[in-house]
Amino acid sequence: MKIWHRPLGESISKIAYHYLPALRWRNFRLFFGGQLLSMSGTFMTQQLTIPWLVYDLTKSAWLLGVAGFVQFLPTLLLIPLSGILSDRWSRRDLLMLVQILGINVSLALTILTFTNWITFPVLLVLSVLNGLLKGLDMPVRHTIVTETVDDRADWSNAIALNSVMLSSSLVLGPAIGGILIATLGVKYCFLYDTLSYIPAILTILAMRLQVRPMQSLTGIRDTLLKLQEGFEYVCKFQAIKVILIMLALNGLVGMSHVALMPVFAAKVLNGDATTMAHLSTSAPIGSLLACVYLSMRRGIRGLERVIVVAQTAIGMSLISFSLSRQVGLSMLILVFTGCFSILQITSSNMIIQTLVAEDKRGRVMSFYALATVSTIPFGNLLAGTLADKFGATNALIVCGSLSISSALWFSTQLPTIRRWIDR
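In this text the structure is predicted, and so the values were computed from the model without any measurement.

## A closer look at the packing of aromatic side chains
Under the counting rule described, the total for this entry stands at seven aromatic pairs. An angle of 40 degrees between the planes, with centres 6.0 Å apart, marks the rings of Phe-28 and Phe-32 as tilted. Linking Phe-28 with Phe-32, this pair stays in helix α2 (residues 26–58), spanning four residues, or about one helical turn. Neither residue differs from the other here; Phe-28 and Phe-32 are each classed as buried. One aromatic cluster is present, built from ring pairs that chain together Tyr-233, Phe-237 and Trp-420.

Here you go:
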């Protein structure tokens, strides 16, 4: 049997490594596998369990928006510091710290829900802690990817596969969460999240990354100077600056459907937690398809045009979703929404990480993380307020129209971005 199967296995490996060269590297395979399970639990909690529990406890679209705002706001405070630390400390150790702190927060949620002590105020406090952890995690997660592959030529593939991992987790997490909520209850979602941290911790321990020289921060003044240095670098780098602005605009209006998902699931589509899980899973399926496409690309030429098309399509998808009254049609629309969202975000990531100087990578990626999530709390608040005053349907129509307008602005910046790419 070994005589026949070994050549077949070797052929499959060669094909995989040819099209997905980042998988050649042991450290990347460990990172990819461990984080796939861990992030599925994280996304189950953030995208499905906590929003559904908040809406179940309050029955208020406005409080749902407030909860989203409170969850993301602490992220904004920690992301800049995390970017500085990523440039000066061990990214592997920082990622391990996030896992250890995260499993403790998740364990607290598990215990509180199993003992029926969970309340809306307590949920807000734990959401703040989750937001702080996300702020520490995001720049580290983006910057460590390039450390796990030893050949710079494989970086774009590693970045795309990292997005595949995140999108797969977005599919896996809510899908499992919907089943758990429907059969066993919300508390088992938090238990799953707690257990999912274990493989992440074990794989990080098994990684063997090249030792980077660590630099200590001498105080607040030194920290602020490093942050200012990174900010000035981004402001002068015109291509990176306009991409970050585009990401911020997308976070403000292009992600509004996520905040209002429980409202559409329960009221507009007359569904339940299972409906919520189906809707939450649909967008990540589209994201996964987009990531597969991006992982097959070589280089970053043409990605600036992809961003324009994707942002326009996001706006059209939001308007279409707002008008749908059939669960199946809504799910199909969300597949396209997820596909174009990840095309926009990951294409931006690939361009920035290819162009940025290595000694500025952590700080620039902290600005990337800020641009990606900093406007989401305000977008959640905007969507919740619009939905409360004018209805969820009208809220998404407004946000979709603004998304299309932002794409038109970005199209005027394409010549500038191309000049930097062609250098």
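## Looking at the pattern of salt bridges
Any two side chains of opposite charge can pair, so long as their charged atoms come close to each other. Going through the model one piece at a time under the given rule, you end up with eight salt bridges. Here Asp-137 ties to Arg-141 by a salt bridge, and the two come within 2.9 Å at their closest N and O atoms. Here Asp-137 and its partner Arg-141 are both found in helix α5 (residues 120–144), four residues apart, which amounts to about one turn of the helix. Relative accessible area serves as the criterion here: at 9%, Asp-137 is assigned to the buried category. Where Arg-305 meets Glu-304, a salt bridge forms, and the shortest distance between an N and an O atom there is 3.7 Å. The exposure class of Arg-305 is partly exposed, given its relative accessible area of 45%.

## Details of the environment of Phe-28
With relative accessibility at 0%, the residue Phe-28 sits in the buried group. Distance from Phe-28 to Gly-254, taken between C-alpha atoms, is 31 Å for residues 226 residues apart in sequence. Contacts of Phe-28, omitting those with residues within four sequence positions, involve Ala-22, Leu-23, Val-145, Thr-148, Val-149, Ala-158, Leu-161 and Asn-162.

## Regarding the environment of Arg-325
Along the polypeptide, Arg-325 turns up in the loop between α13 (303–323) and α14 (327–355). Separated by 56 residues in sequence, Arg-325 and Leu-269 place their C-alpha atoms 5.9 Å apart. When near neighbours in sequence (up to four residues on either side) are disregarded, Arg-325 contacts Val-268, Leu-269 and Thr-393. At 2.8 Å, the side chain of Arg-325 forms a polar contact with the backbone oxygen of Ser-322. Within the structure, Arg-325 has its side chain in polar contact with the side chain of Thr-393 (distance 2.9 Å).

## A closer look at the nonpolar core
The biggest cluster of nonpolar side chains holds 78 residues, and the ones touching the most others in it are Phe-28, Leu-161, Leu-244, Leu-343, Ile-351, Ile-352 and Phe-410. Broken down by element, this core gets its largest block of residues, nine residues, from α14. Among the nonpolar cores identified, the runner-up in size contains 45 residues, and Met-44, Val-105, Ala-273 and Met-276 belong to it.

## Considering unusual backbone geometry
A positive phi is found at Asn-116, a non-glycine position, where the angle reads about 60 degrees. Of note, Asn-116 is situated in the loop between α4 (91–114) and α5. Residue Asn-116 is classed as exposed on the basis of its relative accessible area of 68%. Residue Asn-270 is not a glycine yet carries a positive backbone phi of 55 degrees. Relative to the assigned elements, Asn-270 resides in the loop between α11 (261–268) and α12 (273–295).

## Details of the side chain of Thr-49
Within the secondary structure layout, Thr-49 lies in helix α2. By relative accessible area, which is 0% here, Thr-49 ends up buried. Setting aside chain neighbours within four positions, we find Thr-49 in contact with Met-44, Val-186, Cys-189 and Phe-190.

## Topic: the packing of α11 against α12
At a closest axis distance of 9 Å, the pairing of α11 and α12 adopts a crossing angle of 135 degrees. Of the possible angle classes, the one that applies to α11 and α12 is oblique. As α11 runs across α12, the sense of the crossing is right-handed. Contacts between α11 and α12 involve Met-261, Pro-262 and Ala-265 from the former and Thr-275, Met-276, Leu-279 and Ser-280 from the latter. Of the residues contributing to the contact of α11 with α12, the split by class is five nonpolar, two polar and no charged.

## Examining the side chain of Glu-147
Among the secondary structure elements, Glu-147 is positioned in the loop between α5 and α6 (155–183). Within the local environment of Glu-147, its side chain forms a polar contact with the side chain of Arg-91, the two groups lying 3.0 Å apart.

## A short note on α2
Here α2 spans 47 Å end to end across 33 residues, near enough to the 48 Å set by a 1.5 Å rise per residue. Taking the largest bend as the criterion, α2 deviates by roughly 40 degrees, centred on Thr-45. Most of α2 sits inside the fold, with 24 of its 33 residues counted as buried.

## So, the environment of Met-276
Note on placement: Met-276 falls in helix α12. Relative accessible area serves as the criterion here: at 1%, Met-276 is assigned to the buried category. Along the backbone, Met-276 and Gly-178 are 98 residues apart, and their C-alpha atoms lie at a distance of 7.5 Å. Beyond its immediate sequence surroundings of up to four residues, Met-276 is in contact with Gln-47, Leu-48, Pro-51, Trp-52, Met-261, Pro-262 and Ala-265.

Reading the values: rules and limits
- Residues numbered from 1 in each chain as written.
- Predicted model: local features only at pLDDT ≥ 70, side-chain atom pairs only at ≥ 80, totals over all residues.
- Heavy atoms only, no water.
- Phe/Tyr/Trp six-rings, centres within 6.5 Å; stacked < 30°, edge-to-face > 60°.
- Helix = DSSP H or I, 4+ residues; strand = E, 2+ residues; numbered from the N terminus.
- Buried < 20%, exposed > 50% of the residue type's maximum accessible area, 1.4 Å probe, protein only.
- Salt bridge = Lys/Arg side-chain N within 4 Å of Asp/Glu carboxyl O.
- Contact = heavy atoms within 4.5 Å.
- Polar contact = N/O pair within 3.5 Å; in protein donor to acceptor, adjacent residues only side chain to side chain.
- Core = buried A, V, L, I, M, F, W, Y, C linked by side-chain atoms within 4.5 Å.
- Axes fitted to C-alpha atoms, helices over the stretch in contact; angles between N-to-C directions.
- Parallel < 35°, antiparallel > 145°, perpendicular 65-115°, else oblique.
- Left-handed = near helix turned anticlockwise from the far one by under 90°.
- Nonpolar A, V, L, I, M, F, W, Y, C, P; charged D, E, K, R; others polar.
- Expected span 1.5 Å × (residues − 1).
- Bend = angle between axes of the 7 residues up to and from the residue.

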